[in-house]
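Breakdown of the fold
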Amino acid sequence: TMDTIPEMNCTLIDATGKMVLPAWVDSHTHLVFAGNRAEEFAMRIKGKTYEEIFSEFEGIAPDNLSAGTGDVKYHLGYTSQYDTIDGKEVYVSLLPNPSHLEAVNPVVQGFCRAKADAIYNSDYDKILPITIHGDAAVAGQGIVYEVLQMQSLKGYTVGGTIHFVINNQIGFTTDFDDARTSNYSTSIASTIQSPVFHVNGDDVECVTFVAELAAEYRQRFNKDIFVDMVCYRKWGHNEGDDPSYTQPQMYKIIKDHVGVRDLYQKKLYEWGVAEAEFAKKMEEEFWAELQARLNDYKQQEKKYKPQSTELAWKALRKSTHEDFESSPETKIAKDDLVKIIKALVKVPEGFTPLKKINQYLEQRRVLMRENNTVDWAAAELLAYGSILLDGKDVRLSGEDVKRGTFSHRHACLYDEETGNEYNRLAKIAEGSSQGKFHIYNSHLSEYGVLGFEFGYSLPSPAPLTIWEAQFGDFFNGAQIIVDQYLTSAEYKWRRMNGLVVLLPHGYEGQGPEHSSARMERFLQACAENNMQIINTTTPAQQFHVLRRQLKRDFRKPLVCFTPKKLLRYPTCVSKLTDFTKAKI
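Quick caveat: nothing in here was measured; it's all calculated off a predicted structure. (Residues numbered from 1 in each chain as written. Predicted model: local features only at pLDDT ≥ 70, side-chain atom pairs only at ≥ 80, totals over all residues. Heavy atoms only, no water.)

Within the secondary structure, Gln247 is located in the loop between strand 9 (225-230) and helix 8 (248-256). The class of Gln247 is buried, set by a relative accessible area of 5%. Side-chain polar atoms of Gln247 contact the backbone oxygen of Thr173, separated by 2.8 Å. Ignoring any residue separated from it by four or fewer positions in sequence, one finds Gln247 in contact with Ile170, Thr173, Thr174 and Asp175. (Helix = DSSP H or I, 4+ residues; strand = E, 2+ residues; numbered from the N terminus. Buried < 20%, exposed > 50% of the residue type's maximum accessible area, 1.4 Å probe, protein only. Polar contact = N/O pair within 3.5 Å; in protein donor to acceptor, adjacent residues only side chain to side chain. Contact = heavy atoms within 4.5 Å.)

Moving on: the sheet that holds strand 14 (residues 437-441). Read from one edge of the open sheet, six strands run 14-11-15-16-18-17, paired in parallel fashion. Each edge of the open sheet carries a strand with a single partner, namely strand 14 and strand 17 (532-534). Averaged over neighbouring strand pairs, the angle between their axes works out to 15 degrees when direction is ignored. Across three bridges, strand 17 lies against strand 18 (residues 558-560) in parallel orientation. Residue Ile534 lies in a different strand from strand 18, and its bridge partner there is Cys560. (Pairing = 2+ DSSP bridges. Axes fitted to C-alpha atoms, helices over the stretch in contact; angles between N-to-C directions.)

The next thing to look at is the pattern of salt bridges. Under the counting rule described, the total for this entry stands at 17 salt bridges. Between Arg365 and Glu362 there is a salt bridge whose closest N-O contact spans 3.1 Å. In this pair, Arg365 and Glu362 are both assigned in helix 13 (residues 355-371), three residues apart and thus about one turn of the helix distant. Here Lys402 ties to Glu421 by a salt bridge, and the two come within 2.8 Å at their closest N and O atoms. Of this pair, Lys402 sits in the loop between strand 11 (394-398) and strand 12 (412-414) while Glu421 sits in strand 13 (residues 421-423), and the two are 19 residues apart along the sequence. Since its relative accessible area comes to 40%, Glu421 is described here as partly exposed. The network of salt bridges with shared partners includes Arg317, Asp323 and Asp553. (Salt bridge = Lys/Arg side-chain N within 4 Å of Asp/Glu carboxyl O.)

In this section: helix 16 (residues 479-486). With six of eight residues buried, helix 16 is to be regarded as a mostly interior element. Taken together, the buried positions of helix 16 are occupied by Gln479, Ile481, Val482, Gln484, Tyr485 and Leu486.

This part is about the side chain of Gln532. By secondary structure assignment, the location of Gln532 is in strand 17. There is a polar contact of 3.1 Å between the side chain of Gln532 and the backbone oxygen of Lys556. Once residues within four sequence positions are removed from consideration, Gln532 is found in contact with Phe324, Arg548, Gln549, Arg552, Lys556, Pro557, Leu558 and Val559.

Turning our eyes to something else, we now look at the packing of aromatic side chains. For any pair of aromatic rings, the description rests on two quantities: the centre-to-centre distance and the angle between the ring planes. The final tally for this structure, using the stated rule, is 13 aromatic pairs. Ring geometry for Phe286 against Trp287: centres 6.4 Å apart, planes inclined by 70 degrees, an arrangement best described as edge-to-face. Judged by relative accessible area, which is 34%, Phe286 ranks as partly exposed. Its relative accessible area of 51% is what places Trp287 among the exposed residues. Three or more aromatic residues joined by ring pairs make a cluster, and in this case those are Tyr156, Tyr440 and Phe452. (Phe/Tyr/Trp six-rings, centres within 6.5 Å; stacked < 30°, edge-to-face > 60°.)

Phi is positive for His410, close to 45 degrees, though the residue is something other than glycine. In this fold, His410 is placed in the loop between strand 11 and strand 12.

In the contact formed by helix 3 (residues 104-119) and helix 15 (residues 447-456), the axes pass within 6 Å of each other and the chain directions differ by 40 degrees. The angle between helix 3 and helix 15 places the two elements in the oblique class. Of the two possible hands of crossing, helix 3 and helix 15 adopt the one that is right-handed. Where helix 3 abuts helix 15, its residues Pro106, Val107, Gln109, Gly110, Phe111, Arg113, Ala114 and Asp117 lie against Tyr447, Gly448, Gly451, Phe452, Phe454, Gly455 and Tyr456. Split by residue class, the contact of helix 3 with helix 15 holds eight nonpolar, five polar and two charged. (Parallel < 35°, antiparallel > 145°, perpendicular 65-115°, else oblique. Left-handed = near helix turned anticlockwise from the far one by under 90°. Nonpolar A, V, L, I, M, F, W, Y, C, P; charged D, E, K, R; others polar.)

This part takes up helix 19 (residues 539-551). In this model, helix 19 (13 residues) spans 19 Å end to end at C-alpha, consistent with the 18 Å of a helix rising 1.5 Å per residue. Along helix 19, eleven of the 13 residues are buried, which leaves the element largely enclosed by surrounding structure. When we look at burial in helix 19, the residues that qualify are Pro539, Ala540, Gln542, Phe543, His544, Val545, Leu546, Arg547, Arg548, Gln549 and Leu550. (Expected span 1.5 Å × (residues − 1).)

Turning our attention to the pairing of strand 2 (residues 78-83). Pairing between strand 2 and strand 3 (residues 89-94): six bridges, direction antiparallel. By the bridge assignment for strand 3, Asp83 is matched with Glu89. Count of turn residues in the strand 2/strand 3 antiparallel hairpin: five residues, of which Gly87 carries a positive phi of about 85 degrees.

Another aspect to go through is the nonpolar core. Counting 51 residues, the largest nonpolar core has Leu450, Trp467, Leu503 and Phe522 as the members making the most contacts within it. Put simply, the parts of the chain that give this core at least two residues each are strand 1 (29-34), helix 3, helix 5 (143-148), helix 15 and helix 16. Sorting elements by how many residues they give to this core places helix 3 first, with seven residues. Of all hydrophobic cores here, the second largest spans 39 residues; its members include Ile341, Ala383, Val545 and Cys560. (Core = buried A, V, L, I, M, F, W, Y, C linked by side-chain atoms within 4.5 Å.)

Looking now at the packing of helix 14 (residues 376-389) against helix 19. It is at 8 Å that the axes of helix 14 and helix 19 come closest, and there the two elements cross at 25 degrees. Comparing the axis directions of helix 14 and helix 19 gives the class roughly parallel. You can see that helix 14 and helix 19 cross each other, and the crossing is right-handed. For the pair helix 14 and helix 19, the contacting residues are Trp376, Ala379, Glu380, Leu382, Ala383, Tyr384, Ser386 and Ile387 in the first and Pro539, Gln542, Phe543, Leu546, Arg547 and Leu550 in the second. Counted by class, the contact of helix 14 with helix 19 contains ten nonpolar, two polar and two charged residues.

Here you go:
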């Protein structure tokens, strides 16, 4: 550490490469990095060995790495366990991030929320999301705004995010005066009254101090905060680029500018902390070490103890083509069926539902009691209730999902006198150790919310995680998440994923809008058994397919084209025995 430096009270990395963290960091804290600028952290902070880095670039990475293939190497994810110098254990994750700028932002939010729910008892102080942006991207990509609006929403908050902007003052070849109208690339932060620290990237001490201050702010107030590090890009956009083509004056200045390392070495020399020859020797030794790691593999990997959610993934297997021709047992016991039905048709004492809701509940009682049948909405809720009784959680989010866009689901009821909400599946049976039913009406966002739910489904295979589009064709607002994550999760990122996407579909007199959920787009994206595309036509089919999602010993994304007309069609019912039979 460098405690002798005047006014210096924290460094992220000391001279031996150990991480130095503030006092608020407790054991088992989880730091999650994301963004197209985050790859540098994987090499230094996260403890990724040089052997692993070089082997990836040489195309001989071991199969057991958490990273995948199919994208540029520095976009691959990584997870490590870090021991701080004061004896604390910290998990550090770098999420896989595609070249589609800022697309990873909602994914990291969902990932952190799921980790907190599954491991840290929803204590968001135990997990810290850090998103790393470029200045052009944070100003230009609308997904940033969608994610910022999640900051304090009940269903999406993660206790605040640190946004670190690498402000190069250029977007590939576009100058900042062509890239935005706002004064600052971080001006969007004002929409949620988030503080922004603008700091000179040449001043190592200031950057370090501001980084610690941002972390302290996030922990104390659980709000988002921005650090705008104003700097420059030394070289081009990639190793084959010459930025002087488009910015000749800027790069003439950059060429003659003293680098931050040399500036800092000069400071250390002036303070009497490190002699010039010592700094030069350290640099030579480091380059020699890199060359040695490239020539042979002698560096040992760091220790890593998988968390419980990761062990759950390891218990699963990869699927085969034959798995799509069969199904595991998805029936439920009659006693469980009765428990769930009773929960669905009752209201708590003292609760005053709307007259229409009383009629709705009575119709379902008659349907089940006299006809021994259930409609679509009831079958869907029966599936969720049965999964809850199995001890697993269910998370359903999207626009208007509590009532359902077509007034069919009514998963939550509201007291007409008090406005209090009653979750019909929150407490199915007294004394049962059922899972939690998380259902949230989302803000008016497809891109952000689908990305969030994909991220939520990453840490653990146990919860049934579902995103429902208000209308099926609205998924096209989230097409980037579909292309970059949903269809390619297993092949590109080597991560199984069991996210369920419900897309209401059907031509019921509304013309081209709100009709087709574009089955053809998803079918064209199918390859290598990457996902399941289904079109269910009976309530019992929907029940069994939802249960099958967690009963299988592997995971695949499920895209379900739920019908609109059949949601409330009088003859679209299934017999109660269809839910207790092995096959339908």
